[in-house]
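Here's the letter readout for the chains.
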Amino acid sequence: MIEKGLGFKCDETFTEETALSLIKKSLDANLAYKFVLVDLDDPTMLLGRFMQAFTNLMANGTKIDVYACASTDSQRVVKICKELNVTLILKPITLDKVKHFTDLYKAQGGLL
């Protein structure tokens, strides 16, 4: 959906370890991802744990925005995202929602 609709490449992983490994490889190759989208409805995903490991990878000063998607904006989910400085996007993920945050990225001077 995203690749065809917006024209940029996406990688999908099913574990935190794989996601972090891909992020590290992209940083090592100077091809850092522009965004990371984390699914909070995945019972194996612990956003706090992921963000700690992610923050350690970003120690070199590279900036990659993290977005979390969830099917609810419960007080718990909103609190977790706010504490970790992660933008929450409610499901379903649509091209318009993805376009909105990519447009924000471009407006801040980033390039896709």
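Our structure is the block above this text.
All chains use their own residue numbering, which begins from 1 and follows the written sequence. Whole-chain, interface and lining totals are the exception, using all residues; otherwise, since this is a predicted model, local features are given only for residues with pLDDT of at least 70 and side-chain atom pairs are given and counted only at 80 or more. Hydrogens and water molecules were not included; the side-chain quantities draw on all heavy atoms of the structure.

Q: So, the packing of aromatic side chains: which residues are in play, and what are the values?
A: Here the distance between the centres and the angle between the planes together describe a pair of aromatic rings. Two rings from Phe, Tyr or Trp (for Trp, the six-membered ring) form a pair when their centres sit within 6.5 Å of each other. Planes less than 30 degrees apart are called stacked, planes more than 60 degrees apart edge-to-face, and all others tilted. Enumeration over the complete set of coordinates arrives at two aromatic pairs. Between F35 and Y67, the aromatic rings sit 5.9 Å apart at their centres with planes inclined by 50 degrees, giving tilted as the arrangement. Taken together, the positions of F35 in strand β1 (residues 35-39) and Y67 in strand β2 (residues 65-70) put the pair 32 residues apart, joining distant regions of the chain. One exposure class covers both F35 and Y67, and it is buried. Runs of H or I in DSSP of at least four residues are treated as helices and runs of E of at least two as strands, each being numbered from the N terminus. The cut-offs for exposure are 20% and 50% of the maximum accessible area for each residue type, with area from a 1.4 Å probe on protein chains only; residues under the lower value are buried, those over the upper are exposed, and the others partly exposed.

Q: Help me get a handle on the environment of C69, residues and values and all.
A: Among the structural elements, C69 can be located in strand β2. Relative accessible area serves as the criterion here: at 5%, C69 is assigned to the buried category. Taking C-alpha positions, C69 is 8.5 Å from T87, a pair spaced 18 residues apart along the chain. By definition in these notes, contact holds between two residues if any of their heavy atoms fall within 4.5 Å. Among all residues touching C69, those that are not within four sequence positions of it are L37, V38, D39, L40, D41, L88, I89, K91 and I93.

Q: Account for the environment of D11, with residues named and values stated.
A: Relative to the helices and strands, D11 resides in the loop between α1 (2-6) and α2 (16-28). D11 gets classed as partly exposed once you look at its relative accessible area, which sits at 40%. Along the backbone, D11 and Y33 are 22 residues apart, and their C-alpha atoms lie at a distance of 9.6 Å. Residue contacts for D11: discarding those within four places in its chain leaves L22 and Y33. Separated by 2.5 Å, the side chains of D11 and Y33 make a polar contact. A 3.5 Å cut-off defines polar contacts: any pair of N or O atoms within that distance qualifies, except that in protein one atom must be a possible hydrogen donor and the other a possible acceptor, and neighbouring residues in sequence count only when both atoms are side-chain atoms.

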